[in-house]
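Now for the letters of each chain:
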Amino acid sequence: MARANDLKRIYKITEPGSDKHIKILYEIKRALSGICKNYESTQKRYMSVSTKMKPRKQYEIMLANIKTEIGEIIRFKDPKLAEEELQSAREMFIKLGYTDKVEKINKLLGN
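Let us look at the structure shown here. Because the structure is a prediction, the values reported are computed rather than measured.

Below, the discussion takes up the pattern of salt bridges. Here the structure, examined in full by the defined rule, presents 7 salt bridges. The salt bridge partner of R9 is D6, with a shortest N-O separation of 3.2 Å. Separated by 3 residues within a single helix, R9 and D6 lie in helix α1 (residues 2–14), roughly one turn from each other. Residue classification places D6 among the partly exposed residues on the basis of a relative accessible area of 42%. A salt bridge links K104 to E72; the nearest nitrogen and oxygen atoms lie 3.8 Å apart. Of this pair, K104 sits in helix α6 (residues 99–109) while E72 sits in helix α4 (residues 56–74), and the two are 32 residues apart along the sequence.

This is the structure:
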């Protein structure tokens with residue numbers, strides 16, 4: 001995850017919206033989805049001397065933010081897929097109680 005996040009930052013600055021940028025966002029989304037779906041087993045395998053694994057809610061927030069970022073970037077390349085990502089992120093933010101993020105997504109969706 002750390003390497004992917006570093007690459008995300010680099011591509012966001014050097015190649016915003018490029019295929020490399022979008023690919024790394026999807027890799028992060030895949031990893032976060034796996035963590036959220038299998039949180040308990042992931043927590044058992046988590047190995048770090050200095051830190052504990054973050055609560056599930058933190059990973060769900062990160063996943064919703066990544067979905068929002070993907071939706072924003074691909075909204076002109078693939079509007080249908082962008083809408084699906086944004087709707088999914090919107091549902092997650094509603095579930096988590098982040099109304100400010102829901103309003104942002106509603107503006108992107110034109111609601």
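Structurally, the position occupied by T68 is in helix α4. In this structure T68 touches L86, A89, F93, I105 and L108, once residues within four positions along its chain are discounted.

So, about α1. The end-to-end C-alpha distance of α1, which contains 13 residues, comes to 18 Å, matching closely the 18 Å that a straight helix rising 1.5 Å per residue would cover. Considered for burial, the residues of α1 that qualify are A4, L7, K8 and Y11. Angular distribution of buried residues about the axis of α1 spans 110°; they occupy a single face of the element. Exposed residues on α1 whose side chains face more than 90 degrees from its buried face are A2, R9, I13 and T14. Residues of α1 that are buried sit in contact with α2 (19–37) and α4.

Here the focus is α2. Over its 19 residues, α2 extends 27 Å from the first C-alpha to the last, a length consistent with the 27 Å expected when each residue adds 1.5 Å. Three or more residues of α2 are buried, namely H21, I22, I24, L25, I28, K29, L32, S33, I35 and C36. Looking at the buried positions of α2, the neighbouring elements they touch are α1, α3 (39–45), α4 and α5 (79–96).

Rules behind the numbers
- Residues numbered from 1 in each chain as written.
- Predicted model: local features only at pLDDT ≥ 70, side-chain atom pairs only at ≥ 80, totals over all residues.
- Heavy atoms only, no water.
- Salt bridge = Lys/Arg side-chain N within 4 Å of Asp/Glu carboxyl O.
- Helix = DSSP H or I, 4+ residues; strand = E, 2+ residues; numbered from the N terminus.
- Buried < 20%, exposed > 50% of the residue type's maximum accessible area, 1.4 Å probe, protein only.
- Contact = heavy atoms within 4.5 Å.
- Expected span 1.5 Å × (residues − 1).
- Arc of directions from axis to C-beta.

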